[in-house]
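# What the coordinates show
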Amino acid sequence: MTAAASSDLVTQLNDSAGSPRFWPWCLALTLVLAFVSPLTLLAGVSLTVWLFWKDELRRKVVAFYDVHGAEEAQRFQRLVDAFEQAGKAQRAWQVVASGSVSTTHQHKTNAGASALVERLPLTRGISGPPNLSSNISIPSLSTTRRSVYFLPDRILIRDGKHYADVAYRDSHTEAAPQRFIEDGAVPSDSEIVGHTWQYVNVKGGPDRRFKNNRQLPILRYGRLTIAGEGSFQAIFDFSTTAAGSALASALTDMATTKQTRPWTGVAAHHQAAPRDTFRPPASISRPPTAATDNDRNRQSMTSTTAPLARRRLSAEGRVQVVGESHYQPALRRLAHGIEIGTDSHHLPVVAILVPETENAYDHNAVRVDVATPAGAATVGYLNRHQAPDYQSALLSLRNAGYVGTCPGRITGGGLNRFYGLYLHLAGADALLLENHLGDTDLLDPARPVTVTKEENHQAVLSRYHSPSRAFTRVAAQLVSSTVSGGKHKGTYGIEVRLDGDRVGELTAAMSARYQQLVVAAVKQSGHTDCEALITHGTRGFQIDLRLPATD
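For clarity, every value in this text was computed on a predicted model and none was experimentally measured. (Residues numbered from 1 in each chain as written. Predicted model: local features only at pLDDT ≥ 70, side-chain atom pairs only at ≥ 80, totals over all residues. Heavy atoms only, no water.)

Scanning the protein chain from N- to C-terminus turns up 11 helices and 28 strands. Taking all 551 residues of the protein chain together, the buried fraction comes to 46%. Considering only residue pairs separated by 6 or more positions, the protein chain has 68% of its internal contacts joining residues 24 or more positions apart. Per element, the accessible surface of the protein chain, about 26800 Å² overall, is 54% carbon and sulfur. (Helix = DSSP H or I, 4+ residues; strand = E, 2+ residues; numbered from the N terminus. Buried < 20%, exposed > 50% of the residue type's maximum accessible area, 1.4 Å probe, protein only. Contact = heavy atoms within 4.5 Å. Areas by Shrake-Rupley, 256 points an atom, 1.4 Å probe, with all protein chains shown as cover.)

Encoded structure:
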């Protein structure tokens with residue numbers, strides 16, 4: 001877990017949590033000496049009690065909040081009130097792991113579930129972190145592994161003895177009903193929406209081969225998902241849907257406060273001056289992912305990127321888009337309102353990356369649009385951690401007269417579920433395909449594939465790559481041919497070209513594996529292009545392709 005932003009509060013909490021306790025050692029020594037001389041017991045116990053209180057004071061950080069402005073106070077009070085509603089849910093859990101059910105056997109032996117989850121009981125309270133003393137109620141969601149605390153200006157996370165924080169403006173909260181097959185006690189406040197069997201057949205009925213085949217209820221729980229920078233994500237399930245939705249609404253409301261100065265006071269250890277005051281600022285505005293969403297969406301749907309030519313960027317990587325919850329109408333139109341399920345069925349789109357240096361909330365912002373017949377629809381942003389590096393590369397691209405595009409995939413949707421979006425996009429330092437200036441689609445770069453016979457085409461490869469660089473990304477063309485040598489000479493082969501010049505070929509085995517793909521692509525579009533990587537080593541210039549997975 002990585003802190004999204006450093007602060008005196010987090011630093012002091014980490015110092016306090018990591019400081020040792022001395023009273024247990026004193027107690028152990030007292031008990032040992034008591035066998036030697038009982039007279040030491042009274043003095044040892046007194047010293048142990050004194051050390052216990054000293055340890056508690058030394059390990060405690062005091063923070064007094066003074067929330068200025070009626071609106072800011074009302075926002076936090078609404079969060080506390082919503083948390084009270086979440087606390088009334090009979091049961092709650094944190095989801096700590098989840099995995100999809102991928103085989104028929106797994107599906108039949110796990111009550112027909114689509115995914116398996118590991119969850120821990122959730123404790124809800126308002127006491128805050130054990131190392132923090134404050135003058136306010138601090139809504140807290142805690143398990144044995146991790147705790148999440150909602151302060152007036154930030155979300156504080158404790159993972160073991162380590163603290164980190166995420167600003168509300170950098171967080172993204174969603175709530176949605178969740179169907180859950182419950183094999184434990186059924187909460188009395190949950191809604192039963194159906195039943196299934198512990199062991200099911202392919203049609204969903206009971207598998208008669210199992211004698212002790214219990215019928216299990218399908219419940220509708222409320223799921224709350226909180227995500228933020230630094231790879232932070234927390235998923236909570238409540239026995240009622242109202243609990244999750246109320247808390248999500250209050251947290252989204254907290255995220256609309258723009259904090260120009262995190263603090264005007266400093267956290268204090270207990271033995272230091274305890275009256276230092278934290279003062280969350282009074283200025284309010286909306287973050288870039290939420291700014292006048294409907295107006296912006298209408299504008300982006302009718303605008304185009306006509307002044308700039310589109311240039312396809314490398315798709316070797318995966319980047320999550322944030323803020324999609326604010327652009328659900330556009331995503332719903334793109335997905336035609338249908339539910340989008342597993343990875344193989346995620347809806348492909350062409351994403352356009354637009355650097356927004358003029359963004360009033362984040363000068364490093366990178367907007368994500370999706371190309372449509374009517375223009376471009378805004379659907380989200382790159383997260384704040386990644387955006388600065390990408391914006392720099394995209395600005396250089398814009399100065400050259402291009403706007404970058406990449407493949408994207410829409411996910412989710414359906415009944416009471418948000419649509420999401422992720423991009424197939426390389427790192428900010430390796431975006432460009434040197435010889436690919438257009439927006440022509442390329443094959444999915446899922447796996448590296450070795451090219452042979454490059455030693456016969458060193459002059460061509462040297463035109464594209466300088467040995468002073470680690471690598472050069474290019475677009476290569478695959479052409480049906482025959483194997484040029486060896487025991488498979490004359491059989492079907494795939495020739496590799498760069499802008500029409502031969503640079504090698506695939507092995508006979510790889511040619512056979514990708515024959516159907518190449519033939520189908522040529523028949524459909526007249527060409528088969530893919531990403532490739534040129535390097536230079538002891539064997540001279542080498543080129544490796546990036547092709548789809550075939551198994």
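All chains considered together, the criterion is met by 22 salt bridges. The shortest N-O distance in the salt bridge between Arg154 and Asp153 comes to 3.2 Å. Overall, Asp153 belongs to the buried group, its relative accessible area being 2%. Taking the shortest distance from any N to any O, the salt bridge between Arg546 and Glu316 comes out at 2.8 Å. Remark: Glu316 occurs in the loop between strand 16 (309-312) and strand 17 (318-322) and Arg546 occurs in strand 28 (residues 540-547); sequence separation between them is 230 residues. Overlapping salt bridges bring together Arg312, Glu316, Asp441, Arg473, Glu531 and Arg546 as one network. (Salt bridge = Lys/Arg side-chain N within 4 Å of Asp/Glu carboxyl O.)

Our next topic: the sheet that holds strand 7 (residues 146-150). Here 5 strands make up an open sheet; going across it, the order is 4-6-7-8-9 and the pairing antiparallel. The open sheet has two edge strands, strand 4 (123-125) and strand 9 (162-167), and neither has a second partner. On average, each strand axis in the sheet is tilted by 15° relative to the strand beside it, whichever way the strands run. (Pairing = 2+ DSSP bridges. Axes fitted to C-alpha atoms, helices over the stretch in contact; angles between N-to-C directions.)

The subject of this paragraph is the sheet that holds strand 27 (residues 529-537). Read from one edge to the other, the open sheet built from 6 strands follows the order 23-28-27-24-25-26, with strand pairing classed as antiparallel. Edge positions in the sheet fall to strand 23 (447-450) and strand 26 (501-505), since each has one partner strand and no second. Averaged over all adjacent pairs, the angle separating strand axes in this sheet is 45°, with direction ignored. In this sheet, strand 26 lies alongside strand 25 (residues 492-498) in antiparallel orientation, the contact comprising 4 bridges. Residue pairing across strands places Leu498 opposite Asp501, the latter belonging to strand 26.

Next up on the list: the confidence of the model for the protein chain. For the protein chain, per-residue confidence averages 79 on the pLDDT scale, and 80% of positions sit at 70 or higher. Note on residues 1-6: pLDDT is under 50 here. Beyond four places in sequence and across chains, it has 13 contacts. Note on residues 99-115: pLDDT under 50 across the span, and 36 contacts to partners over four residues away in sequence or across chains. (pLDDT = per-residue confidence, 0-100.)

The next subject is a nonpolar patch on the surface. Together, Leu27, Leu31, Leu41, Val45 and Val49 make up an exposed nonpolar region whose accessible area comes to about 370 Å². When residues of the nonpolar patch are traced back to their parent elements, those giving at least two are helix 2 (23-36) and helix 3 (40-58). Tallying contributions element by element places helix 3 first for the nonpolar patch, with 3 residues. Within the element layout of this structure, Leu31 appears in helix 2. (Patch = residues over 30% accessible without salt bridge, like charges linked within 9 Å, V, L, I, M, F, W, Y side chains within 5 Å.)

On to unusual backbone geometry, then. Of note in the backbone geometry, His336 takes a positive phi value of approximately 60° without being a glycine. Tracing the sequence through the fold places His336 in the loop between helix 8 (328-334) and strand 18 (347-356). For Lys453, which is not a glycine, the phi torsion comes out positive at approximately 70°. Looking at the secondary structure, you find Lys453 in the loop between strand 23 and helix 10 (458-462).

We now examine the pairing of strand 13 (residues 232-238). Where burial is concerned, most of strand 13 is hidden: 6 out of the 7 residues are buried. Where strand 12 (residues 215-228) meets strand 13, 7 bridges bridge the pair, whose relative direction is antiparallel. Considered in strand 13, the bridge of Leu224 is made with Phe236.

A word on the nonpolar core. In this structure, Leu79, Phe150, Tyr168, Ile226, Phe236, Phe238 and Leu247 are the most contacted members of the largest nonpolar core, which totals 30 residues. Of all the secondary-structure elements, those providing two or more residues to this core are helix 4 (70-88), strand 7, strand 8 (154-159), strand 12, strand 13 and helix 6 (241-254). A per-element tally of this core places helix 6 first, with 7 residues. Ignoring sequence-local partners within four residues, the contact set of Ile226 consists of Phe150, Ile155, His172, Thr173, Phe232, Gln233, Ala234, Phe236 and Leu251. (Core = buried A, V, L, I, M, F, W, Y, C linked by side-chain atoms within 4.5 Å.)

Along the chain, Asn135 falls in the loop between strand 5 (132-134) and strand 6 (140-142). Measuring from C-alpha to C-alpha, the distance between Asn135 and Ala63 comes to 7.3 Å, with 72 residues separating the pair along the chain.

Moving on to the environment of Thr535. Here Thr535 lies in strand 27. Along the sequence, Thr535 and Thr472 sit 63 residues apart, while their C-alpha atoms lie 6.8 Å from each other. In contact with Thr535, not counting residues within four places along its chain, are His465, Ala470, Phe471, Gly540, Phe541 and Gln542.

A separate point is the side chain of Asp153. With respect to the helices and strands, Asp153 occurs in the loop between strand 7 and strand 8. There is a polar contact of 3.2 Å between the side chain of Asp153 and the side chain of Arg154. (Polar contact = N/O pair within 3.5 Å; in protein donor to acceptor, adjacent residues only side chain to side chain.)

Next up on the list: the packing of aromatic side chains. Aromatic rings considered in pairs are described by the distance between their centres and by the relative angle of their planes. With the rule as written, the count across this model stands at 2 aromatic pairs. Ring geometry for Trp93 and Tyr221: centres 5.0 Å apart, planes at 35°, overall tilted. Of the two residues, Trp93 is situated in strand 2 (residues 92-100) and Tyr221 in strand 12; the sequence distance between them amounts to 128 residues. When its relative accessible area of 3% is taken as the criterion, Trp93 is described as buried. Overall, Tyr221 belongs to the buried group, its relative accessible area being 0%. Clustering of aromatic rings is evident, with ring pairs tying together Trp93, Phe180 and Tyr221. (Phe/Tyr/Trp six-rings, centres within 6.5 Å; stacked < 30°, edge-to-face > 60°.)

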